[in-house]
Amino acid sequence: VKRKISDGGVYAVNFIGSTDGSESLFTKSVVKTFSLTFPNYYMFTFGPDTKSTQNVVLIGVNGPLPLSEAEFVKKISAGTNPFLAQRLFPILNLNTDEGIVLTDDFAPVERLMGPIVQDYFPKDLALMKSVF
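Before going into details, it helps to say that this report is about the structure given with it.

About the criteria used
Residues numbered from 1 in each chain as written. Predicted model: local features only at pLDDT ≥ 70, side-chain atom pairs only at ≥ 80, totals over all residues. Heavy atoms only, no water. Core = buried A, V, L, I, M, F, W, Y, C linked by side-chain atoms within 4.5 Å. Buried < 20%, exposed > 50% of the residue type's maximum accessible area, 1.4 Å probe, protein only. Helix = DSSP H or I, 4+ residues; strand = E, 2+ residues; numbered from the N terminus. Contact = heavy atoms within 4.5 Å. Phe/Tyr/Trp six-rings, centres within 6.5 Å; stacked < 30°, edge-to-face > 60°. Pairing = 2+ DSSP bridges. Axes fitted to C-alpha atoms, helices over the stretch in contact; angles between N-to-C directions. Salt bridge = Lys/Arg side-chain N within 4 Å of Asp/Glu carboxyl O.

1. Overview of the nonpolar core
A general feature of soluble globular proteins is that nonpolar side chains tend to end up buried together. Ranked by internal contacts, the top residues of the largest apolar core, which has 17 residues, are Phe15, Phe26, Val30, Val31, Met43 and Leu58. When contributions to this core are tallied by element, the ones reaching two or more residues are α1 (25–37), β2 (41–46), β3 (54–61) and α4 (109–131). With four residues, the single largest contributor to this core is α1. Look past the residues within four positions of Val30 in its chain and what remains in contact with it is Phe15, Leu58 and Leu102. Membership of the second largest hydrophobic core comes to eight residues, among which are Tyr42, Phe44, Ile76 and Leu88.

2. Comments concerning the packing of aromatic side chains
Under the definition given, this model contains nine aromatic pairs. Site record: aromatic cluster; members linked through ring pairs are Tyr42, Phe44, Phe46, Phe72 and Phe83.

3. Comments concerning the sheet that holds strand β1 (residues 10–17)
What holds strands together in a sheet is hydrogen bonding between their backbones, with the strands either parallel or antiparallel. Strand order in the open sheet formed by three strands is β1-β3-β2, and the pairing between neighbours is antiparallel. The open sheet has two edge strands with one neighbour each: β1 and β2. Going across the sheet, the axis of each strand differs from the next one's by a mean of 15°, ignoring polarity. As judged from the eight bridges shared by β1 and β3, these two strands associate in the antiparallel manner. When the sheet's bridge partners are listed, Asn14 is paired in β3 with Val57. In this fold α1 packs onto β1, β2 and β3, with an angle of close to 165° to the strand it touches most, β1.

4. Here we look at the pairing of β3
Buried residues dominate β3, accounting for six of its eight residues. Examined bridge by bridge, β2 and β3 share six bridges and lie antiparallel to one another. Looking across to β3, one finds that Tyr42 is bridged to Ile59.

5. What about the pattern of salt bridges?
In total, this model carries two salt bridges according to the counting rule given. For Asp20, the salt bridge is made with Lys51, and the minimal N-O distance between the two is 3.8 Å. With Asp20 in the loop between β1 and α1 and Lys51 in the loop between β2 and β3, this residue pair connects regions lying 31 residues apart in the sequence. Classification of Asp20 as partly exposed rests on a relative accessible area of 32%. Between Lys28 and Glu98 there is a salt bridge, with the nearest N and O atoms lying 3.1 Å from each other. Of this pair, Lys28 sits in helix α1 while Glu98 sits in the loop between α3 (83–87) and α4, and the two are 70 residues apart along the sequence.

Functional significance is not addressed by these values, which are geometric in nature.
Written out as structure tokens, the structure reads:
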């Protein structure tokens, strides 16, 4: 992908994960793998807290970051969608040391997603049962 985008171009990845706790290994693995190719990236999370299963969006920049995280937050806070400023996750808050580099030869996604699926879907099913 990186070879296909121009200098300064961006690549975005959206996945479900958690950034903290026992369910965060998948996120830490995706971020660790992503950062090998895109060492300069922003991360957005769309959940109520770090332990919640949520949408995580990584935006890799093909080149240096145009703005620091603080400058980026300031700029998007002043824009038409300040909601995104609240969703920027400080990448220093995610320790990827325990993450696994995912490759074509080794990508145990099902095992890494197990805790997330076990937590996330029962909550959704309980909500659906209460509605119907």
